[in-house]
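# Report on the structure
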Amino acid sequence: MSADAMVVVEGLWCQFDVSRPWLNRIFNREGRATLTAVADVSFAIPQRKTFALVGESGSGKSTIAKLVVGLIPPTRGHISIAGSSVTDKSGSARRQHNRRRIQMIFQDPYASLNPRWRVRRILAEPLRVFGLEKDRRETRIPELLRLVGLDSADAGKFPHEFSGGQRQRIAIARAIAAEPAFIVCDEPTSALDVSVQAQILNLMRELQEQLGLTYLFISHNLAVVRHMASDIGVLYLGRLVEVAPPNELFDRPRHPYTQMLLDAVPDLESIGSRVRRPIEGEAANPINPPTGCAFHPRCPYRNDRCKSEVPLLMQIADRKVACHGISEGRL
Amino acid sequence: MSEPIPGSWQRFRARLERVWDSDLTYSFRTSPIAIIAGCMTAILLVLALMAPWVAPQDAFDVAAVRLEDGFLRPLERGSTGILHLAGTDSQGRDVLSAILYGARVSLLVGFASVAFSMAMGVALGLAAGFLGGRVDAVIMRIADVQLSFPAILIALLVFGIARGFIHPSQHEQVAVYVLIISIGLSHWASYARTVRSSTLVERNKEYVQAARVMGRDNTAIMFEHVMPNVVGPVLVIATINLALAVIEEATLSFLGVGVPPTQPSLGTLIRVGQQFLFSGEWWILLFPSIALIILSLSINLLGDWLRDALNPRLK
Amino acid sequence: MTEPALSVRNLRVEFFGRRGKLVAIDDVSFDVAKGEILGMVGESGAGKSVTGAAIVGLIEHPGRMTRGEIRLKGDRIDHLPAAGMRKIRGKRIGMVFQDPLSSLNPLFQIGDQIVETMRAHLDISKADARRRAVKLLDEVGIPAAASRVDSYPHQLSGGMRQRVVLALVLCTEPELIIADEPTTALDVSVQAQIIALIKALAKNYGTSVMLITHDLGVVAEIADRVAVMYAGRLVEIGSVRDVLKGAKHPYSQGLVSAIPTLRQGAGALRQIPGAMPRLHAMPNGCAFHTRCQFVFERCRVERPMPVRSGDIEVACWLHGKAVGAGP
């Protein structure tokens, strides 16, 4: 597995101290409060493939995106990209060199481009930072614009002169400018209209083919993920509960949360005639998660072990699942 | 791809057209107050700048002044042959020329102090908002303390301290610089506060995160990315502060702690003229006062218009 | 035939700006029958929210409703004075927005807000109103309603808040509810609960619902009929089954096939080239013709109005009356 893996994440934890100020705690006799955003997450992404992380709010998917890219440091765990470690504290020069390989595409096309910069400058920044010579920059910028389906004349415009979909194209052009190997996509189409979404997703797939890119694709939209990913991880309250390829995951979901999630997606195909499993409750508070398996309060198959022991992600048949019910053979 | 590349003149014209058509220019064109205030400010600025060429007399040149021309009424002709449109003062100095030269000093001090406080305030506000933590706490506490004092008091304080350090023979030469710095120091906090709040908002936006992902350091992000996005309101504050600075300089000079008497500003003229108001030589006080009022009023109105014009676009 | 709950005829909304006037809604007509859920779909800028706002008289300067008639159960409600409209809003028409915090005042307890609304529109005592409020909260699925009735909005999660908004809207038993993207900001699992709730409540109370959304999936789940908006015009309207399975307008067809579904495997998604025209650069004739693969000459010059074609009304020269036939 690790031989050709572009991205390896091992035992990733991310906890935030959200305690109230010291004085308040003394008066109210409170303890410290910790928010566990990411708990013991491990996965690997082979080269030129797309790994998708799905989850709802509070699942930790955006935090993982930021951890992988290096925007926040993990509390514990190890991340390496193209063989070199990202989490190692030493060697800042080496880290800067590595940054070239990793880029990110953000959710909000209106906020991810500096409104006061022209497109030319936005695209020139990564070229400048990663040391592309000036004269080559002149040809590279129109080339990038053409690659993402825009006109080279667009280089002189400001972001507000473009629509949401076009801005996302510019963001993609910026991400591929310095020829990265790996791109983290944080809900890249969630803020776009459906028809524009189709254009952008198709563009991302084309670029992946052409440039040999590896993607970490974060989304809450299961249908989009099915379309893009070669492997999918389902997150619940910071932990991976199921990891499987798309066909296996969607045709035969095994973890109760995955089943519930798939059931909740409105389906265009069967109009008004769907039999729905009753859905219970809402996701718990990540500051005070339930004991044992975080999903147990909402799970129709829970037993005593689920209430006390955290299930580990284990390889079972064609996928990985973290569920006592499944590992015990009950489900 | 087959379009002829426009020449530099066409590009310039296109740019002018874009500016003419822009929301800001349109708002200016359609607001009578803005146009009047703008014109007044422009006229005063030009006259003050061109004082050596426009003024009938070099008001700072002691040799050009004749004592026997003293206390001439407005529209009287003096012995030097000059028609004194605003009369002369006790020394025989042409009041109109004195106003022009005085306005020059006032505006010089005004612009310079605004530039100083803007640079300091923006830089500190950016640092406080972006870096947060202790840097933020220290800068903002100093700003809080300072904002609780009236600006004049601060200027007086700085001025007094500076006087203690500088040798009396140097006083006159550096007076203007000390004045600029003291007025500048009394205003930086308002810029810092505004810039800090805007920076706090911009800091969390994705384009800043994108720059971080690229590995850019804090200074680069602060000045290249964030600053252009937070300086909008700064322009408005600067305009209003300019009027304030001019008044402050006048007040300080009026109190006798401003510019040296050899380079009188409008404030000095007002102080001097005050003595003669009730002895009948009203013109020595009236004209410099009118000039000061017009100057600060126009700048203020311009600032008001600018604030309103920039606001709806921000919505 | 009974009076439709809502009847909109020839609605036109224009925005007056520096550069002239922009037509945000151009001659739109539709009905919502009693107890029916009508889904209004379209992409951003298509004018669906503006339509909703026009119906309740919330179009603000520089926009204005310049033409059209809006009838609520036969009573004309467009061009009512502000006081009259305020009585209608809240009592006869309820509104649910995307962000529950736009409808809920963060400073007041949820029970009090419901009681206040009831007392403003109905003749009811405080005690009775409070009893009804608790009952409503229970109906919308707030657990332990009797004790939660005194909570503040910020103490509830997003899904719970939206339930409270539904209770707030239903407390006056309105004839029509306009829901503008009620579940867009919610997680998928919560979204499923809320749309099921909307459907159940509409059925129980006999209220008509105009559901404005960009999400065709939500419409497929609970709506009876669907209207497709494009660039301020109505391009197709019909039953959900007819439109989703057999859309006639090329835009609707493109929209339905551009949506990735759970069944579909990997492979390029069908995309519609180009983008919706901006209001100030509207093409002549049919607004969609610049992106349509079936475009012909008439489309470029004459705007098609909705005509009946089978069970659907569609605004497209490919359907309805034969080309060249008189009115």
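Residues numbered from 1 in each chain as written. Chains lettered and ligands numbered in written order. Predicted model: local features only at pLDDT ≥ 70, side-chain atom pairs only at ≥ 80, totals over all residues.

## Side note on the overall build of chain B
As a reminder, the rule being used: Helix and strand definitions here come from DSSP, where helices need a minimum of 4 consecutive H or I residues and strands a minimum of 2 consecutive E residues; each element is numbered from the N-terminal end. Think of it as a crowd count around each C-beta: if 20 or more other C-beta atoms lie within 10 Å the residue is buried, if 12 or fewer it is exposed, and in between it is partly exposed, with C-beta placed from the backbone throughout. A pair of residues counts as a contact when their C-beta atoms, built from backbone coordinates, are separated by no more than 7 Å.
The helix and strand tally for chain B stands at 14 helices and 2 strands. Referenced to the eigenvectors of the C-alpha coordinate spread, the extents of chain B come out at roughly 75 × 55 × 30 Å. Among the 315 residues that make up chain B, the fraction classed as buried is 43%. Looking at chain B alone, contacts between residues at least 24 apart form 69% of all its contacts between residues at least 6 apart.

## Quick notes on the overall build of chain C
Where we set the bar: Only the C-alpha atoms count toward the radius of gyration. The rule for a globule is 2.2 Å times the residue count to the power 0.38.
Within chain C, the secondary structure is distributed over 12 helices and 12 strands. For chain C, whose C-alpha radius of gyration is 21 Å, the value lies close to the compact-globule estimate of 20 Å for 327 residues. Here the C-alpha coordinates of chain C stretch approximately 65 × 50 × 45 Å along the principal axes. Across the 327 residues in chain C, those meeting the buried criterion constitute 47%. Sequence separation of 24 or more characterises 63% of the internal contacts of chain C that already satisfy a separation of 6 or more.

## Considerations on the sheet that holds strand 5 (residues 75-76) of chain C
All names here are of chain C. For clarity, the threshold we go by: Two strands make a pair as long as DSSP finds a minimum of two bridges between them.
On the basis of which strands lie adjacent, the open sheet formed by 4 strands has the order 2-1-4-5 and antiparallel pairing. Only two strands of the sheet have a single neighbouring strand rather than two, namely strand 2 (20-32) and strand 5. Two elements, strand 1 (residues 6-17) and strand 2, share 10 bridges in a ladder whose sense is antiparallel. Note that in strand 2 the partner of L6 across the bridge is V32.

## Digging into the interface of chain A and chain C
To be explicit about the condition: Gly is put with the polar residues, along with every residue not named as nonpolar or charged; the nonpolar set is Ala, Val, Leu, Ile, Met, Phe, Trp, Tyr, Cys and Pro, and the charged set is Asp, Glu, Lys and Arg.
Tallying the contact residues gives 32 residues for chain A and 35 residues for chain C. Within the residue set of the side of chain A that touches chain C, elements represented by two or more residues are helix 7 (194-211), helix 8 (222-228) and helix 10 (256-264) of chain A. Looking at the side of chain A that touches chain C, the element that brings in the most residues is helix 7 of chain A, giving 8 residues. Tallied by class, residues from the side of chain A that touches chain C come to 17 nonpolar, 8 polar and 7 charged.

## Description of the nonpolar core
Note the cut-off: The nonpolar core is taken to be a set of buried Ala, Val, Leu, Ile, Met, Phe, Trp, Tyr and Cys residues joined by way of C-beta atoms within 7 Å.
Residues L216(A), F217(A), A167(C), M210(C), L211(C) and Y230(C) are the most contacted members of the largest nonpolar core, which totals 272 residues. Among the elements that take part in this core, helix 5 (residues 95-131) of chain B stands out by supplying 18 residues, more than any other. In this structure, Y230(C) is in contact with G42(C), A46(C), V235(C), Y251(C), M276(C), A287(C) and F288(C), ignoring residues within four places of it in sequence.

## With respect to the environment of V115(C)
All names here are of chain C. Within the fold, V115 resides in helix 4 (residues 110-121). Assessed through the 23 C-beta atoms surrounding it within 10 Å, V115 is described here as buried. Counting along the chain gives 35 residues from V115 to L80, while the straight-line C-alpha distance between them is 27 Å. If we skip the residues at most four places from it in the chain, V115 touches K126, A129, R130 and A133.

## Some details on the sheet that holds strand 6 (residues 93-96) of chain C
Residue and element names in this part refer to chain C. Let me state the cut-off plainly: Helix axes use the C-alpha atoms of the stretch in contact, all axes being lines fitted to C-alpha atoms, and the angles between their N-to-C directions lie in the range 0 to 180 degrees.
Strand order across the open sheet formed by 8 strands is 6-7-8-3-9-10-12-11, with mixed pairing between neighbours. One side of each edge strand has no neighbouring strand; the edge strands of this open sheet are strand 6 and strand 11 (307-309). In this sheet, adjacent strand axes meet at a mean angle of 20° when their direction is disregarded. Relative to strand 8 (residues 208-213), strand 3 (residues 37-41) is paired through 5 bridges, and the arrangement is parallel. Paired with G39 across the two strands is L211, which belongs to strand 8.

## Regarding the environment of V32(C)
All names here are of chain C. Mapped onto the fold, V32 is located in strand 2. Sequence separation between V32 and Y205 is 173 residues; the distance between their C-alpha atoms is 16 Å. Every residue in contact with V32, bar those within four places of it in the chain, is listed here: P4, A5, L6, L38, L176, S208 and M210.

## What about the environment of K66(A)?
Residues and elements named next belong to chain A. Within the element layout of this structure, K66 appears in helix 2 (residues 61-69). Classification of K66 as buried rests on a count of 21 C-beta atoms within 10 Å. For the pair K66 and V148, spaced 82 residues apart in sequence, the C-alpha to C-alpha distance is 25 Å. Not counting residues within four places of it along the chain, the set of residues in contact with K66 comprises L71 and I72.

## Describing the packing of helix 7 of chain A against helix 11 (residues 250-258) of chain C
Quick reminder of the rule: Orientation labels follow simple angle bins: below 35 degrees gives roughly parallel, above 145 gives roughly antiparallel, 65 to 115 gives roughly perpendicular, and whatever is left gives oblique. Take the far helix as your reference; a near helix turned counterclockwise from it by less than a right angle gives a left-handed crossing, and one turned clockwise gives a right-handed crossing.
One way to put it is that helix 7 of chain A packs onto helix 11 of chain C with a least axis distance of 9 Å and a crossing angle of 55°. Comparing the axis directions of helix 7 of chain A and helix 11 of chain C gives the class oblique. Taken as a pair, helix 7 of chain A and helix 11 of chain C cross one another with a handedness that is left-handed. Within the contact between the two elements, helix 7 of chain A uses V194(A), S195(A) and A198(A) and helix 11 of chain C uses G254(C), L255(C) and A258(C). For the contact of helix 7 of chain A with helix 11 of chain C, a count of residues per class yields 4 nonpolar, 2 polar and no charged.

## Re unusual backbone geometry
Residue and element names in this part refer to chain C. The omega torsion of the bond from H61 to P62 falls at 5°, within 30 degrees of zero and hence cis. By the element assignment, P62 lies in the loop between helix 1 (48-55) and strand 4 (63-72). The phi dihedral of H79 is positive, around 60°, even though this residue is not glycine. Counting through the fold element by element, H79 comes out in the loop between strand 5 and helix 2 (82-91). Among the residues examined, H79 registers 12 C-beta atoms within 10 Å and is labelled exposed. Positive phi outside glycine occurs at E173, with the angle close to 50°. Among the structural elements, E173 can be located in the loop between helix 7 (158-170) and strand 7 (176-180).

## Details of the confidence of the model for chain B
Condition: pLDDT gives the predictor's per-residue confidence on a scale running from 0 to 100.
Averaged over every residue, the pLDDT of chain B is 83; the share at 70 or more is 96%. Taken element by element, chain B is modelled with least confidence in helix 1 (residues 8-21) of chain B, mean pLDDT 76, and with most confidence in helix 9 (residues 188-203) of chain B, mean pLDDT 93.

## Some words on the pairing of strand 6 (residues 102-105) of chain A
Residue and element names in this part refer to chain A. Burial along strand 6 is two-sided: I102 and M104 and Q103 and I105, pointing in opposite directions, are all buried. Summarising the sheet, strand 6 and strand 7 (residues 182-186) pair through 4 bridges and their orientation is parallel. Looking at strand 7, one finds that I102 is bridged to F182.

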